[in-house]
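Secondary and tertiary structure notes
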Amino acid sequence: MTEDSPKPMDDTTPREAAEAGPHGPEGTNDSRAGWEAEVARLAIVEPSRVRIRRDDFRRLCVRLDDGPEFVDVRPAPAFPVSGAAGYISFLDADDKEVLLMAGTEGLDPDSRQCLEDELDRVYFVPRILRIYDIEDAHGAARWEVETDRGYRLFDVRDREDLRVVEGSRILLQDADGNRYEIPDLFALDERSRRLVDGEI
Amino acid sequence: MRAGRLEEVERLLAGEGQEPLPETVERELRRLLEPGEKRLITLHTDIGLDGRYDDRWLVVTDRRVAALGPEDGRARVETEVPLADLRGVRLRDYLGNGSLEAITETGAVELARFSRSVAPEMPRVQRILRVLADVSDSETGGRRGRGGPSKAVRCPTCGRVLPRWSEVCPFCLKRGELLARLIRYVEPYKAVAIIGFALSIVLTFLNLAPALVTRFLFDRVIAPGDLSRLGTAVEWLLAIYVGRTVVAMVRGYMMEWLGGRVVLDMRIQLYDHMQMLSLGFFSRKQTGQIMSRVTNDIMRLQYFVAEGLQQIIINLLTIPVICVMMFGADAKLAALTLLPTPFIAVGTYWFGRLIHRVYQKVWRRYAGLNAVLADSIPGIRVVKSFAQEERESKRFQERSGALFTQELNAVKLWTAFFPALGLMTAIGSLLIYWYGGKHVIEGRTSLGTLVMFTQLMWQFYMPVQMLGEMNHRVQHALTAAERVFEVLDTKPEMPDAPGSIKIPRIEGHVEFRGVHFSYEPGKPVLQNISFVAEPGEVVGLVGPSGAGKSTLVNLLCRFYEVEEGQVLIDGHDVRELSLRALRQQIGVVLQEPFLFHGTVADNIAYGVPGATPVEVVAAAKAANAHDFIVNLPQGYDTQVGERGQLLSGGERQRVAIARAILKNPRILILDEATSSVDTETEMLIQQALDRLVANRTTFAIAHRLSTLRKASKILVLEHGRLVQMGTHDELLDQEGLYARLCRFQSELSKVRGV
Ligand SMILES: Nc1ncnc2c1ncn2[C@@H]1O[C@H](COP(=O)(O)OP(=O)(O)OP(=O)(O)O)[C@@H](O)[C@H]1O
Ligand SMILES: [Mg+2]
């Protein structure tokens, strides 16, 4: 808590000014050369260096190499929806990042198990596999579906809660704030697809 | 167990908390519980510990907490913790779900997982468990938790969730009621509506009359070769045609007038009502959506209210009249003519449903297209400065393409259906020619009747078709009506709620008492804020970005309502004050000043429409805006452009300050009011403000702490909590956030050489 310095200080420390020059990659002598150095400075940790465990009090603990262990951290996938990169950020109890990990490839099995167990909670978005029925009344609709986590009945409040991304992927939010996803509309069976088609 | 604890639990439960258990769970629970053990909570949860949807029950008694789950037809106790072992209860909130953990001396166990549908129940369970186990780890879970969202509002009749901002359940909605409500808008123009309706009936008969005259013409004039009657028949026809034209003109005008008039009323009512709605309504809905209700939806109603309703009644009238005419002339031929009718009716009904769905989609694509516009046009500066014109064009192209594709779907339906319908009707006419022709040749029917039939047939299918479409037409209009009424039914802020207190002159005593607030349920923005500001005091608000400073002043203006606690002005809860009286006496300079399209003078005088030029100039002088204004080509009469974009950021701010000053409010709120002006200008404004703040309560939010030197009290916010309070000097002496911020800024200003 004590080293918890206010934001402006972190942001304005002018320590990188000197580093900008030499890092430019070969051939690209353009205006982004300094930027490359900035990207290179990003400390994204290889999963093989990370150990994750859960202590007796069900708190997630993470440590880098043989460094100190951070207790009670929370994994936060950086791009949970798009999956643009598998980056996983670990945040401490004050919501400050303690490390940023590049995916899960290379984690030892125990750590991986632990992380997956926690991610299953942190990002709970059941995938809809099949749609039994959508009962629609001018925007509000009751969906009856089978998900990868079992049968579910939920109410969608209006069309704003139904978002089509990347053409055939659909993200939903129900009235209570639960999330669901249809990974690929075209992978659904004919009937399910027709039902959804009426909604988008 | 300590006495009184159970009473406290009972109070927290308030008679709720026990959901009925299914047989198997009940049986297992009986086995588990000791004699005399008292059940306090039985709560259904919906996610198993393995992350699959499943039915579980969380049971709290006066001795233990347990989780039961189904197992092969009989229930099983999954976890169980005696209250005596309980050292803490942790509630974790994640995206889409949460979990409840029991902490004991040696570790923690997960008691239950649950979706957000159940989550709102959990904080209470947690509180009760803490009371029972006598633990006071009030902060476990911490601010990380999103907390429980308030449960979605559901329809009391059918249990379905209600649409946002609406109190009408679309499932339970009675169409009749909606129609009746629509018709009520026509009521003030009853006379026009009735005359119009009468004319419609006249017109219907005038449309049918030529068929009768034609029959007369063939049977009584042409066939017998009666030249003397020919003139009469043609005169009759002429009279009918002329009459029909005149009636149609008059009626057409009246109906258009009626539709336009009703829509005018509705639109004004809608807009007036919208102005009364709380800020929350506007920040949730997209601007485009709101606009489309005022324009599109209302337009759809225009047709329906004036024309559609009458059309339905007229069609319902025409059909039997034609039937009578036909059956009276030749029953057998009439029956034949009507043969295709059911097909046409069913066909149009089915088509109506289909096309309605397709049009809904077209409409949504249209909205998507509008969204691109609403996004990129106001943001055009950003688009250009990042050289992203092409990308925006592409985005627009994509949406336009999607709209086109969807429109084609509709076109495909239209173009397939109507020719097919034409064919059906044509076949009907063939039937008439075939059988009618035979009848005439055999002498069973006159030629005139045959001609009349062919004429009537076309007039008969038309209303049938229309009635087939009626369902979706009505649906269409009702959907639009629903959207309009949804807004009208949203509870407005009451500017002068009955019983509200009107303080003619606010003294300026402001108090926050244990205020909690969040924009989104469960994500606290302000927590337990308490302070007092005396009349005439200058209160500074500082803290990192996102700390909740703007939110705090929003509560003071009652733009939003507190969740817990009270905001008091002169000792009255702001909720009891008349909103109008309150806001008339509060002057706000917002962080992002908004100017309206109009002149500089109009903008300064916005809050005081009758202000004299002298007052306007005085306010501008005080805000240090006068000099730049008179330098503008048209001085105070210069147009500022949409949103004031013809002025610079600092100029806009100064106009906004002048606007607040002119109002001479009892409470002045400056949210970063001088952040976009240079230090010298700021100093000048500061001097003016120093004069003005005298004898009014001022709240000033500032990142530049130097502007707050004169503040008699500074509140330091961090993460929505009030972490420090005192004068500039007092706070400097304390080793805290303020001192750190200050030291950092003075270092910066040394660099700047100020
Ligand atoms: N209309 C809104 N709906 C939802 N959340 C909001 C809304 N307005 C603000 N917030 C959130 O509330 C928190 C506090 O916002 P607020 O505007 O009060 O901060 P602030 O202290 O004024 O910050 P700044 O110094 O940057 O203006 C932020 O986390 C912000 O994301
Ligand atoms: Mg702010």
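For the structure given in this document, a descriptive report is provided here. (Residues numbered from 1 in each chain as written. Chains lettered and ligands numbered in written order. Predicted model: local features only at pLDDT ≥ 70, side-chain atom pairs only at ≥ 80, totals over all residues. Heavy atoms only, no water.)

1. A short note on the overall build of chain B
Going by this rule: Only DSSP runs of H or I with at least four residues qualify as helices, and only runs of E with at least two residues qualify as strands; both kinds are numbered from the N terminus onward. Here the term buried applies to any residue with accessible area under 20% of the maximum for its type, exposed to any over 50%, and partly exposed to those in between, with areas from a 1.4 Å probe on protein chains only. The contact definition used throughout considers only heavy atoms, calling two residues in contact when any of these lie within 4.5 Å. The accessible surface values rely on the Shrake-Rupley method and a 1.4 Å probe; as for residues, cover is taken only from the protein chains in view.
Along chain B, the regular secondary structure elements total 22 helices and 17 strands. Here chain B, with 754 residues, has 48% of them falling under the buried criterion. Across chain B, contacts joining residues at least 24 apart in sequence account for 69% of those joining residues at least 6 apart. Carbon and sulfur atoms make up 58% of the accessible area of chain B, which amounts to about 37,200 Å² in all.

2. Concerning the environment of Asp174 of chain A
Inspection of the secondary structure assignment puts Asp174 of chain A in the loop between strand 12 (169-173) and strand 13 (179-182). For the pair Asp174 of chain A and Leu153 of chain A, spaced 21 residues apart in sequence, the C-alpha to C-alpha distance is 9.9 Å. Residues in contact with Asp174 of chain A, not counting those within four places in the same chain, are Phe154, Asp155 and Tyr180 of chain A together with Ser117 of chain B.

3. Things to note about the pairing of strand 7 (residues 97-102) of chain A
Residue and element names in this part refer to chain A. Put simply, the test is: Should DSSP find at least two bridges between two strands, the strands are regarded as paired.
When strand 1 (residues 44-45) meets strand 7, the two strands line up parallel, connected through two bridges. Its bridge partner being in strand 7, Ile44 is matched across the sheet by Leu100. Looking at chain direction, strand 6 (residues 87-91) and strand 7 are connected through five bridges and run antiparallel. Among the inter-strand pairings, Phe90 is bridged to a residue of strand 7, identified as Leu99. Counted between consecutive antiparallel strands, the loop separating strand 6 from strand 7 contains five residues, among which Asp95 sits at a positive phi close to 65 degrees.

4. Topic: the sheet that holds strand 7 of chain A
The strands making up a sheet associate through backbone hydrogen bonding, with each pair oriented either parallel or antiparallel. Residue and element names in this part refer to chain A. What counts, and what does not: Lines fitted to the C-alpha atoms define the axes, with helices restricted to the stretch that makes contact. Angles between their N-to-C directions range from 0 to 180 degrees.
Here we have four strands laid out as an open sheet, ordered 1-7-6-5, and mixed in their pairing. A strand with exactly one partner marks an edge of an open sheet, and here the two such strands are strand 1 and strand 5 (74-77). Helix 3 (residues 109-122) contacts strand 5, strand 6 and strand 7 of the sheet and is inclined by roughly 70 degrees relative to strand 5.

5. Quick word on the packing of helix 19 (residues 649-662) of chain B against helix 20 (residues 679-693) of chain B
All names here are of chain B. Put simply, the rule is: The labels follow the angle: roughly parallel below 35 degrees, roughly antiparallel above 145, roughly perpendicular from 65 to 115, and oblique for the rest. Residue classes follow a fixed rule: Ala, Val, Leu, Ile, Met, Phe, Trp, Tyr, Cys and Pro count as nonpolar, while Asp, Glu, Lys and Arg count as charged, and any other residue, Gly among them, counts as polar.
At their nearest, the axes of helix 19 and helix 20 sit 12 Å apart, and the two run at 5 degrees to each other. On the basis of the axis angle, helix 19 is roughly parallel to helix 20. In this structure, helix 19 uses Arg654, Ile657 and Ile661 to contact helix 20, whose residues at the interface are Thr681, Ile685, Leu689 and Leu692. Here the contact of helix 19 with helix 20 is built from residues that sort into five nonpolar, one polar and one charged.

6. Remarks on the site of ligand 1
Residues and elements named next belong to chain B. Definition in use: Residues are labelled near a given molecule or strand when at least one of their non-hydrogen atoms is within 4 Å of it. Here a polar contact is taken to be a pair of N or O atoms separated by no more than 3.5 Å, where protein atoms must pair a possible hydrogen donor with a possible acceptor and residues adjacent in sequence count only if both atoms sit in side chains.
Contacts to ligand 1 come from 13 residues, most closely from Ser545, Lys549, Ser550, Thr551 and Gln591. In the environment of ligand 1, an oxygen atom lies 2.8 Å from a nitrogen or oxygen atom belonging to the backbone of Gly546. Separating an oxygen atom of ligand 1 from a side-chain N or O atom of Thr551 is a distance of 2.4 Å. Looking at the shell around ligand 1, its residues break down into four nonpolar, seven polar and two charged.

7. With respect to the interface of chain B and chain A
This is how it is decided: What gets called buried area is simply the loss in accessible area from a 1.4 Å probe that two parts show on being joined, summed for both. Here a salt bridge means any side-chain nitrogen of Lys or Arg lying within 4 Å of a carboxyl oxygen belonging to Asp or Glu.
Contact with chain B, which involves 56 residues of that partner, is made by 54 residues of chain A. The junction of chain B with chain A conceals about 4,600 Å² of combined surface from both sides, 46% of it contributed by carbon and sulfur atoms. Here chain B and chain A share seven salt bridges between them. In this structure, Glu110 of chain B and Arg121 of chain A form a salt bridge, with 2.4 Å as the shortest nitrogen-oxygen distance. Counting across the chain B and chain A interface gives 20 residue pairs in polar contact (both at pLDDT 80 or more). For the side of chain B that touches chain A, the secondary-structure elements that each account for two or more residues are strand 1 (39-47), strand 5 (86-94), strand 6 (97-104), strand 7 (108-115), helix 10 (341-376), helix 13 (447-489) and helix 22 (737-752) of chain B. Its residues placed into classes, the side of chain B that touches chain A shows 19 nonpolar, 13 polar and 24 charged.

8. A look at the side chain of Arg54 of chain A
All names here are of chain A. The topology assignment puts Arg54 in strand 2 (residues 50-54). Reaching out from Arg54, the side chain makes a polar contact with the side chain of Glu118 at a distance of 2.7 Å. Excluding its chain neighbours within four sequence positions, the residues that come into contact with Arg54 are Arg59, Leu60, Cys114, Asp117 and Glu118.

9. Considerations on helix 14 (residues 549-556) of chain B
For an α-helix, 3.6 residues make a turn, and residues three or four places apart therefore share a direction. Residues and elements named next belong to chain B. For helix 14, the tally of buried residues reaches seven of eight residues, placing the bulk of the element in the interior. Taken residue by residue, helix 14 has Lys549, Thr551, Leu552, Val553, Asn554, Leu555 and Leu556 as its buried positions. Phi turns positive, to about 60 degrees, at Arg558, one or two residues after helix 14.

10. With respect to the environment of Thr697 of chain B
Residue and element names in this part refer to chain B. As for its placement among the helices and strands, Thr697 is situated in strand 15 (residues 697-701). Accessibility expressed as a relative area gives 0% for Thr697, which makes it buried. Considering only alpha carbons, one finds Thr697 and Ile667, 30 residues apart in sequence, at a separation of 4.8 Å. Once you skip the residues sitting within four places of it in the chain, Thr697 turns out to touch Glu507, Gly508, Val510, Ala533, Glu534, Pro535, Gly536, Glu537, Arg666, Ile667 and Leu668. Among the polar contacts listed, one links the side chain of Thr697 to the backbone oxygen of Gly508, at a separation of 2.5 Å.

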